[in-house]
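Now for the letters of each chain:
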Amino acid sequence: MGRLGFYFDLTRCTGCKTCQIACKDKNRLDIGTIFRNVRDFETGRYPDVDCYHYSSSCNHCETPACLTICPTGAIYKADDGAVIIDAELCDGCGKCAEICPYEVPKILPEGIAGKCDSCKVRRDKGENPLCVDACQTRCLKFGDLDELEAEYGPDLVNTLPFLPDPAMTNPSILIKIKDSAKDENYREKYM
């Protein structure tokens with residue numbers, strides 16, 4: 001098995017936030033804390049306007065900035081590539097939250113860092129991450145990035161204009177931004 005990560009189909013997301021709510025509920029997060037975030041973006045000028053939605057969480061980067069700065073070794077990469085925080089080792093210093101270009105780790109009320117672990121416990125039992133199962137339009141998938149790219153095509157990207165340069169951490173994310181049958185001007189909208 002190769003590198004694991006998320007696939008997100010921007011052309012299908014309705015912005016319903018079901019993935020965000022499922023993640024929040026599963027992780028029993030307090031008000032104001034989320035590990036998966038759905039953001040809405042407007043594009044164009046009147047009268048030719050449009051909008052799109054982007055669902056993001058930890059990208060389980062190949063070279064995670066959070067891992068390199070953690071002074072206690074609480075952040076590590078699991079055998080399958082998931083970036084995990086060991087709550088027992090975390091001292092809550094917040095350095096991971098400060099350095100992550102995607103602003104993913106959060107300092108929880110308990111005084112330790114937390115973030116998406118791609119539902120590692122569920123995946124170890126052969127299940128999907130909960131956000132994937134909750135998605136009503138099936139625009140989220142998780143799996144081997146090479147297999148996802150083979151299934152969904154070569155036009156996938158791993159960044160959008162509002163995201164950091166992927167060369168910084170090499171995120172494990174594939175984003176479909178193009179529905180060529182419907183939108184010939186997708187680059188002007190999303191890139």
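A quick note: this is a predicted structure, and the numbers were derived from the prediction, not measured.

Before we move on, could you go through the overall build of the protein chain and cite the residues and values that matter?
In terms of regular secondary structure, the protein chain is built from 7 helices and 9 strands. Here the C-alpha atoms of the protein chain give a radius of gyration of 17 Å, agreeing with the 16 Å that 2.2 N^0.38 yields for 191 residues. Taken along the three principal axes of its C-alpha coordinates, the protein chain extends 50 × 35 × 30 Å. Relative to its 191 residues, the protein chain shows a buried fraction of 47%.

Break down the nonpolar core for me, with residues and values.
Membership of the largest hydrophobic core comes to 31 residues, with the highest contact counts inside it found for Phe6, Phe8, Leu10, Tyr54, Leu140, Leu160 and Ile175. Where this core is concerned, the elements lending two or more residues are strand 1 (4-9), helix 1 (18-26), strand 3 (48-56), helix 5 (130-134), strand 8 (140-144) and strand 9 (173-176). For this core, the element with the most residues is strand 1, which contributes 3 residues. Ile175 has contacts with Phe8, Leu10, Tyr54, Asp155, Leu156, Val157, Asn158, Thr159, Leu160 and Leu163, leaving out every residue within four places of it along the chain. Counting residues in hydrophobic clusters, the runner-up holds 10 residues, among them Cys66, Cys70, Ala74 and Cys90.

An account of the packing of aromatic side chains is needed here, citing residue identities and associated values.
Considering all chains together, one arrives at 6 aromatic pairs under this definition. The interplanar angle of 85° and the centroid separation of 5.5 Å between the aromatic rings of Phe8 and Tyr54 together place this pair among those described as edge-to-face. Separated by 46 residues along the polypeptide, Phe8 in strand 1 and Tyr54 in strand 3 bring together distant segments of the chain. The exposure classification of Phe8 matches that of Tyr54, with both residues buried. An aromatic cluster of three or more residues is present, and its members are Phe8, Phe41, Tyr52, Tyr54 and Phe162. When the ring centre of Phe6 is taken as reference, the NZ or CZ atom of Arg36 above it lies at 4.8 Å.

Talk me through unusual backbone geometry; I want residue IDs and the actual numbers.
The peptide bond linking Tyr46 to Pro47 adopts the cis configuration, its omega dihedral lying at 10°. Structurally, the position occupied by Pro47 is in the loop between strand 2 (37-45) and strand 3. Positive phi values are uncommon outside glycine, yet Arg138 reaches one of about 55°. Topologically, Arg138 is positioned in the loop between helix 5 and strand 8.

Any details on the sheet that holds strand 1? Residues and values, ideally.
Sheet architecture is open: 3 strands sit in the order 8-1-9, paired in mixed fashion. Strands with a single pairing partner mark the edges of an open sheet, and in this sheet they are strand 8 and strand 9. When strand polarity is set aside, the average angle formed by the axes of neighbouring strands in this sheet is 20°. Note that strand 1 and strand 9 share 4 bridges and pair parallel. Residue pairing in the sheet places Phe6 in a bridge with Ile173 of strand 9. Set on the sheet, helix 6 (residues 145-152) makes contact with strand 1, strand 8 and strand 9; between it and strand 8 the angle comes to about 125°.

Criteria and cut-off values
- Think of each chain on its own: its residues are numbered from 1, step by step along the sequence as written.
- Per-residue local features of the predicted model are confined to residues with pLDDT of at least 70, and side-chain atom pairs are confined, for both listing and counting, to 80 or more; whole-chain, interface and lining totals are unaffected and use all residues.
- Processing note: side-chain calculations cover all non-hydrogen atoms of the structure and skip hydrogens and water entirely.
- By definition, any uninterrupted DSSP run of H or I lasting at least four residues is a helix, any uninterrupted run of E lasting at least two residues is a strand, and each is numbered from the N terminus.
- We compute the radius of gyration from the C-alpha atoms alone; for a globule the expected value is 2.2 Å times N to the 0.38, where N is the number of residues.
- Residue burial is assigned from relative accessible area. The probe radius is 1.4 Å, only protein chains are included, and a residue is buried under 20% of its type maximum, exposed over 50%, and partly exposed in between.
- Residues belong to one nonpolar core when they are buried, are Ala, Val, Leu, Ile, Met, Phe, Trp, Tyr or Cys, and are joined through side-chain atoms within 4.5 Å.
- Between two residues, a contact is recorded if the distance between any of their heavy atoms is within 4.5 Å.
- We call Phe, Tyr and Trp rings a pair once their centres come within 6.5 Å, taking the six-membered ring for Trp, and we label the pair stacked below 30 degrees between planes, edge-to-face above 60, and tilted otherwise.
- We call a charge positioned above a ring when the Lys NZ or Arg CZ atom is no farther than 6 Å from the ring centre and deviates by at most 35 degrees from the ring normal.
- Here a strand pair is declared whenever DSSP counts at least two bridges between the two strands.
- A fitted line through C-alpha atoms serves as each axis, taken over the contacting stretch for helices, and the angle formed by two N-to-C directions is quoted from 0 to 180°.

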